[in-house]
Amino acid sequence: MDPEEDRRHSKKQHEHINMLSFVADSEYGIPKRCPCGGRLINEVRGEEDYDTLPGKRFFTCRNYEADGLHYRQPWVIGVQEELERLTKRVEEAEEVMLGVSTLSKRFERLEEQVNSLNEAVYDLTVQVHSLEKVCFD
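Residues numbered from 1 in each chain as written. Predicted model: local features only at pLDDT ≥ 70, side-chain atom pairs only at ≥ 80, totals over all residues. Heavy atoms only, no water.

**Describing the overall build of the protein**
Assigned secondary structure in the protein consists of 2 helices and 3 strands. Put simply, the protein runs from its N terminus to its C terminus through helices and strands in the order α-β-β-β-α. For the protein, with 137 residues in total, the buried portion stands at 12%. Across the protein, the fraction of contacts at a sequence separation of at least 24, relative to all contacts at a separation of at least 6, is 43%. Of the roughly 11,400 Å² that the protein leaves accessible, carbon and sulfur atoms contribute 57%. (Helix = DSSP H or I, 4+ residues; strand = E, 2+ residues; numbered from the N terminus. Buried < 20%, exposed > 50% of the residue type's maximum accessible area, 1.4 Å probe, protein only. Contact = heavy atoms within 4.5 Å. Areas by Shrake-Rupley, 256 points an atom, 1.4 Å probe, with all protein chains shown as cover.)

Below you can see the structure in the form of structure tokens.
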């Protein structure tokens, strides 16, 4: 084999392996589109297909081939992963809401302190003004 041709073949294999890993890494939750750009369809296995679970559902690329570069993900797995992702987002939102409530209470306390300090400054200003009148008159 020619060394240049061998290098090209090795490069193609490396690109193919990288693409397979990209596809595998991107399969999480309910897929929106296939990495090939193809539209996803909801495939339901019929009774005539030999399977232990007839009626099993899949998210499948319209251009699906069993080459590892297209999506064919079981519906249950996609929905379960999406549910886990959404549950995590809800938990994070709950933490933020609790933090906002705590900060709101602290803000109210700070406003009260600022108001009392403003009143104290006003009282001191009046006292200084009174003292200046007494001293300079």
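Here the narrative resumes.
**With respect to helix 2 (residues 75-136)**
Taking 1.5 Å as the rise per residue, helix 2 with 62 residues should run 92 Å; its terminal C-alpha atoms sit 89 Å apart, in good agreement. Turning to helix 2, its buried residues are Gly78, Glu81 and Glu82. Of the surrounding elements, those touching the buried residues of helix 2 are strand 2 (57-61) and strand 3 (72-74). (Expected span 1.5 Å × (residues − 1).)

**Points about the confidence of the model for the protein**
Regions with low pLDDT carry predicted coordinates that are not meant to be interpreted in detail. Residues with a pLDDT of 70 or more make up 86% of the protein, whose mean pLDDT is 81. Ranking the elements of the protein by mean pLDDT puts helix 1 (residues 3-26) last, at 75, and helix 2 first, at 91. (pLDDT = per-residue confidence, 0-100.)

**What about the sheet that holds strand 2?**
Across the sheet, 3 strands lie side by side as 1-2-3; this open sheet has antiparallel pairing. Looking at strand neighbours, the two that pair on one side only are strand 1 (40-44) and strand 3, the edges of this open sheet. Each adjacent strand pair in this sheet contributes to an overall mean axis angle of 25°, direction not counted. When strand 2 meets strand 3, the two strands line up antiparallel, connected through 3 bridges. Along strand 3, the bridge assignment pairs Phe59 with Gln73. Together, strand 2 and strand 3 form the strand contacts of helix 2, whose direction differs from that of strand 3 by roughly 70°. (Pairing = 2+ DSSP bridges. Axes fitted to C-alpha atoms, helices over the stretch in contact; angles between N-to-C directions.)

**Structural notes on the pattern of salt bridges**
Two side chains of opposite charge can pair, provided their charged atoms sit close to one another. Overall, the coordinates contain 2 salt bridges when judged by the stated rule. Between Glu4 and Arg7 there is a salt bridge whose closest N-O contact spans 2.7 Å. Taken together, the residues span about one helical turn, with Glu4 and Arg7 both in helix 1 at a distance of 3 residues. By relative accessible area, Glu4 is classed as partly exposed at 37%. (Salt bridge = Lys/Arg side-chain N within 4 Å of Asp/Glu carboxyl O.)

**Looking at the pairing of strand 2**
Two faces belong to every sheet, and in a regular strand the side chains alternate between them. The element strand 2 is largely enclosed, with a buried count of 4 among its 5 residues. In this sheet, strand 2 lies alongside strand 1 in antiparallel orientation, the contact comprising 5 bridges. The residue bridging Leu40 from the neighbouring strand is Cys61, located in strand 2.

**Details of the side chain of Gln73**
The topology assignment puts Gln73 in strand 3. Classification of Gln73 as buried rests on a relative accessible area of 4%. A polar contact is formed between the side chain of Gln73 and the side chain of Glu81, at a distance of 3.4 Å. (Polar contact = N/O pair within 3.5 Å; in protein donor to acceptor, adjacent residues only side chain to side chain.)

**Regarding a negative patch on the surface**
Taken together, the side chains of Glu91, Glu92, Glu94 and Glu95 define an acidic patch exposed on the protein surface. Relative to the helices and strands, Glu92 resides in helix 2. (Patch = residues over 30% accessible without salt bridge, like charges linked within 9 Å, V, L, I, M, F, W, Y side chains within 5 Å. Lys, Arg positive; Asp, Glu negative; His and termini not counted. Charge placed at Lys NZ, Arg CZ, Asp CG, Glu CD.)

**A look at the packing of aromatic side chains**
Applying the stated criterion across every chain yields a total of 0 aromatic pairs. Residue placement shows Arg57 over the ring face of Trp75; its charged tip is 4.8 Å from the ring centre. Lying across the ring of Tyr64, Arg72 places its NZ or CZ 5.8 Å from the centre. (Phe/Tyr/Trp six-rings, centres within 6.5 Å; stacked < 30°, edge-to-face > 60°. Lys NZ or Arg CZ within 6 Å of the ring centre and 35° of its normal.)

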